[in-house]
Amino acid sequence: MMANRSFCLLVLVSMVGCGEAPPKEEILVPISGSVRYGSQPTEGITVSFVPKGITTGTGAFGRTDAEGKYTLLHRTQKPGVPMGEYTVTFSRFLKPDGSPVPKDVSPTMSGGRESIPRVWSDIAKAGAHNTATVKSDSKSIDFALPTK
């Protein structure tokens with residue numbers, strides 16, 4: 001009789017379920033903009049928005065085109081990023097001959113080196129100069145990076 005009750009309790013618990021609820025879907029704000037490097041639009045710069053302070057989530061990233069324009073993509077591959085404060089870093093690896101590392105090639109395997117100054121590319125060097133606030137009505141965030 002006791003074994004029967006234990007079995008019934010086990011069946012009841014499994015029917016109710018013990019799993020976690022699916023993660024809450026983040027509300028994304030579509031963000032695009034431009035990056036000027038040394039006053040020039042520059043192709044191939046990776047723009048990363050990294051959550052800062054109390055901002056939750058995983059942030060977003062984009063890559064500049066030939067006109068220096070980028071559009072942020074969330075980890076879900078949907079356009080945008082949640083509202084909040086972000087540290088923004090920039091990265092562009094160049095091969096030893098100065099040409100860009102192709103998208104499908106690992107920068108380290110190509111002998112590539114970071115061409116963006118560390119004050120912009122290294123999150124440990126982050127400051128007010130590379131902070132962005134995303135609000136519900138934000139649409140475009142532009143950046144002008146010096147070459148030194």
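Residues numbered from 1 in each chain as written. Predicted model: local features only at pLDDT ≥ 70, side-chain atom pairs only at ≥ 80, totals over all residues. Heavy atoms only, no water.

Novice: Would you take a moment to explain the confidence of the model for the protein chain for this structure?
Specialist: Detailed reading of predicted coordinates is not advised where the pLDDT is low. Residues with a pLDDT of 70 or more make up 84% of the protein chain, whose mean pLDDT is 84. Here helix H1 (residues 2–16) stands out as the least confident element of the protein chain, with mean pLDDT 44; strand E5 (residues 69–71) is the most confident, with 97. In this model, residues 1–17 is a region of pLDDT below 50 whose contacts with residues beyond four sequence positions or in other chains number 1 contact. (pLDDT = per-residue confidence, 0-100. Helix = DSSP H or I, 4+ residues; strand = E, 2+ residues; numbered from the N terminus. Contact = heavy atoms within 4.5 Å.)

Novice: It is not clear to me how the pattern of salt bridges should be interpreted in this structure. Could you clarify?
Specialist: If the charged atoms of two oppositely charged side chains come close together, the side chains can form a pair. Scanning all chains against the criterion turns up 3 salt bridges. A salt bridge links Asp-122 to Arg-118, with the nearest nitrogen and oxygen atoms 2.5 Å apart. A relative accessible area of 18% means that Asp-122 is categorised as buried. (Salt bridge = Lys/Arg side-chain N within 4 Å of Asp/Glu carboxyl O. Buried < 20%, exposed > 50% of the residue type's maximum accessible area, 1.4 Å probe, protein only.)

Novice: What is the right way to look at the side chain of Asp-122 in this model?
Specialist: For Asp-122, the position within the fold is in the loop between helix H2 (118–121) and strand E10 (131–134). A polar atom in the side chain of Asp-122 sits 2.5 Å from the side chain of Arg-118. (Polar contact = N/O pair within 3.5 Å; in protein donor to acceptor, adjacent residues only side chain to side chain.)

Novice: Mind showing me how you'd approach the side chain of Arg-92 here?
Specialist: Take Arg-92: it is sitting in the loop between strand E7 (84–91) and strand E8 (93–94). The side chain of Arg-92 is buried and forms no salt bridge, while Glu-43, the nearest opposite charge, is found at 7.0 Å. Ignoring any residue separated from it by four or fewer positions in sequence, one finds Arg-92 in contact with Thr-42, Glu-43, Gly-44, Ile-45, Pro-100, Arg-113, Glu-114, Ser-115 and Ile-116. (Lys, Arg positive; Asp, Glu negative; His and termini not counted.)

Novice: Can you walk me through the environment of Thr-108 in this structure?
Specialist: With respect to the helices, strands and loops of the structure, Thr-108 is situated in the loop between E8 and strand E9 (113–114). Between the C-alpha atoms of Thr-108 and Lys-95, which are 13 residues apart in sequence, the distance is 9.4 Å.

Novice: I'm lost on the sheet that holds E10 in this one. Help?
Specialist: In sheet architecture, strand pairing relies on hydrogen bonds along the backbone and comes in two forms, parallel and antiparallel. The 5 strands lie next to each other as E6-E4-E3-E7-E10, forming an open sheet whose pairing is antiparallel. Either end of the sheet is taken by a strand with one partner, and the two such strands are strand E6 (73–74) and E10. Bridge count between strand E3 (residues 46–51) and strand E4 (residues 60–63): 4 bridges; the pairing is antiparallel. In the strand pairing of E4, Phe-49 is matched with Ala-60. (Pairing = 2+ DSSP bridges.)

Novice: What is the right way to read the pairing of E7 from this model?
Specialist: Looking down a regular strand, the side chains alternate between one sheet face and the other. Of all 8 residues in E7, 7 are buried; the element is thus mostly enclosed. In this structure, E3 lies alongside E7, joined through 6 bridges in antiparallel fashion. Residue pairing in the sheet places Phe-49 in a bridge with Val-88 of E7. Judged from the 4 bridges that link them, E7 and E10 form a sheet pairing that is antiparallel. Its bridge partner lying in E10, Glu-85 is registered against Thr-133.

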